[in-house]
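Chain by chain, the residues:
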Amino acid sequence: VSKSAVLSSLDLSWISKIQVNQPAVLRRAEQIQARRTVKKEWQTQAAWLLKAVTFIDLTTLSGDDTPSSVQRLCYKARYPIREDLLKALNMHDKGITTAAVCVYPARVGDAVKALKAAACNIPVASVATGFPAGQTHLKTRLEEIRLAVEDGATEIDVVINRTLVLTGQWEALYDEIRQFRKACGEAHLKTILATGELGSLTNVYKASMIAMMAGSDFIKTSTGKETINATFPVAIVMLRAIRDFFWKTGNKIGFKPAGGIRSAKNSLAWLSLIKEELGDEWLKPELFRIGASTLLSDIERQIYHQVTGRYAAYHDLPVS
């Protein structure tokens, strides 16, 4: 169900006096990084790696994307782990796929066609609104959303205009995201905050709260194109904003880290963080995604190692 039916009104009193305690956030982030992964017994269970697969928005956002490269990506999303490895783990009949595929608006039609050919109902997500900078005219950005939805995208990853955050124009940011929400129709709205460009953790919290008030289904850390992408300090602030919003409204908003999440071990650390900060309720694709292009390859490599006792050669595993 679209969040458009349960929009919160803008309430600047929620955020006007907020000041994030940066030293406390950094200490918490250090704890996570010191541990670096979930409990050891989790790490030894391929089940947790397979669970991580089901959270991935398998992504290609390159200037040289073609219909054939998108088709390969979709095939990999449909069959993320080699069949014999799944059989060895007795997981071959569980229907494991990635959560979505994520492409540029012009490639949405290619992805929809490829997934239909594979008889697969994996959602197609499209970045939009002048990705990654968000510096095109609002009219153009809204039209980009509409075109992506018309072509079959059921999830839209929008980028905000960072200028509005840096200059404290919270009402304008709210109004912009409300218009994105309306343009999405029934498609899910994932709002990318580009946290590496917002100037402070306090701004990250405020932008998170505004995005949720305006009807976002998810808030997302980064485009993957910034100098600084998904980091634990930023994630902690965003997750606590999600928790605060849930306590105040009863609405559960999803979280998507993206950019720089490349190793299986690192993905398990993210699962652990979600479990600790928001609880098991959020450990499902409806509320947690990982934006990644190369992570899946390392997860499959680690599963191959657990099954065979050796690491795969490059040619042993199919790639997208």
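Residues numbered from 1 in each chain as written. Predicted model: local features only at pLDDT ≥ 70, side-chain atom pairs only at ≥ 80, totals over all residues. Heavy atoms only, no water.

1. Brief notes about the UniProt feature "active site" (unreviewed entry) in the protein
Just so we agree on the cut-off: UniProt positions are given in the numbering used here, feature names are shortened, and annotations may be inferred rather than shown by experiment. Runs of E in the DSSP output that reach at least two residues are strands. Runs of H or I that reach at least four are helices, and both are numbered from the N terminus. Whether two residues are in contact is decided by their heavy atoms: any pair within 4.5 Å suffices. What qualifies as a polar contact is a pair of N or O atoms within 3.5 Å, subject to a donor-acceptor requirement within protein and to the restriction that residues adjacent in sequence count only when both atoms come from side chains. Each residue is placed in one exposure class: buried if its accessible area under a 1.4 Å probe, protein chains only, is under 20% of its type's maximum, exposed if it is over 50%, and partly exposed if it falls in between.
Per the UniProt record, the feature "active site" (unreviewed entry) sits at Lys220 and Lys256. A maximum C-alpha distance of 4.5 Å is found for the annotated residues, which run over 37 residues; spatially they form one tight group. Tracing the sequence through the fold places Lys220 in strand S6 (residues 218-220). Setting aside anything within four residues of it in sequence, one finds Lys220 in contact with Asp157, Thr191, Ile192, Leu193, Ala194, Met238, Lys256 and Ala258. At a separation of 2.9 Å, a polar atom in the side chain of Lys220 contacts the side chain of Asp157. Classification of Lys256 as buried rests on a relative accessible area of 1%. Apart from residues no more than four positions distant in its own chain, Lys256 is found in contact with Asp57, Asp157, Lys190, Phe218, Ile219, Lys220, Thr221, Arg289, Ile290 and Gly291.

2. So, the state of the cysteines
Under the convention used in this document: Disulfides are defined as cysteine sulfur pairs within 2.5 Å.
Within the structure shown, the criterion is met by zero disulfides. No disulfide involves Cys74; its sulfur sits 8.4 Å from the nearest other cysteine sulfur, which is in Cys120. There is no disulfide at Cys102, and the cysteine sulfur nearest it, in Cys74, is 11 Å away. Its relative accessible area of 1% is what places Cys102 among the buried residues.

3. Focus: the environment of Lys275
Residue position: Lys275 is located in helix H12 (residues 264-277). Spatially, the C-alpha atoms of Lys275 and Pro67 are 37 Å apart, while their sequence positions differ by 208 residues.

4. Points about the packing of helix H4 (residues 67-78) against helix H6 (residues 108-117)
Test applied: Here, axes are lines fitted to C-alpha atoms. For helices the fit covers the stretch in contact, and angles between N-to-C directions go from 0 to 180 degrees. Any angle that falls under 35 degrees is termed roughly parallel, while one over 145 is termed roughly antiparallel, one within 65 to 115 roughly perpendicular, and all others oblique. For any helix crossing, the convention is left-handed if the near helix is rotated counterclockwise from the far helix by under a right angle, and right-handed if that rotation is clockwise. Under the convention adopted here, Pro, Cys and the residues Ala, Val, Leu, Ile, Met, Phe, Trp and Tyr are nonpolar, Asp, Glu, Lys and Arg are charged, and Gly plus all remaining residues are polar.
Relative orientation of the contacting elements H4 and H6 amounts to 45°, with a least axis distance of 9 Å. Classified by the angle between their axes, H4 and H6 sit oblique to one another. Classified by chirality, the crossing of H6 by H4 is right-handed. Facing H4, whose interface residues are Pro67, Val70, Gln71 and Cys74, H6 presents Asp110, Ala111, Ala114 and Leu115. Within the contact of H4 with H6, the residues separate by chemical class into six nonpolar, one polar and one charged.

5. Observations regarding unusual backbone geometry
Put simply, Phe131 and Pro132 share a cis peptide bond, and its omega is 0°. Tracing the backbone through its elements, the reader meets Pro132 in the loop between strand S3 (124-128) and helix H7 (138-150). Residues other than glycine seldom take positive phi values, yet Asn90 does so here, at roughly 60°. Mapped onto the elements of the fold, Asn90 is located in the loop between helix H5 (83-88) and strand S2 (100-103).

6. Overview of the confidence of the model for the protein
Test applied: What pLDDT conveys is the predictor's confidence in a given residue, as a value from 0 to 100.
When pLDDT is averaged across the protein, the result is 92; 94% of the residues are at 70 or more. Under a pLDDT of 50 for its full length, residues 1-6 has, in the predicted model, eleven contacts with residues more than four places off or in other chains.

7. Focus: H6
Test applied: This arc describes the spread of directions from the helix axis toward the C-beta atoms.
Here H6 has its buried residues at Val108, Ala111, Ala114 and Leu115. Each buried residue of H6 lies within a common arc of 130° when the element is viewed along its axis, so the set occupies one face. In H6, the exposed positions that point more than 90 degrees away from the buried face belong to Lys113, Lys116 and Ala117. For H6, the elements touching its buried residues are H4, S2, S3 and H7. Backbone geometry just downstream of H6 places Ala119 in the positive-phi region, at approximately 50°.

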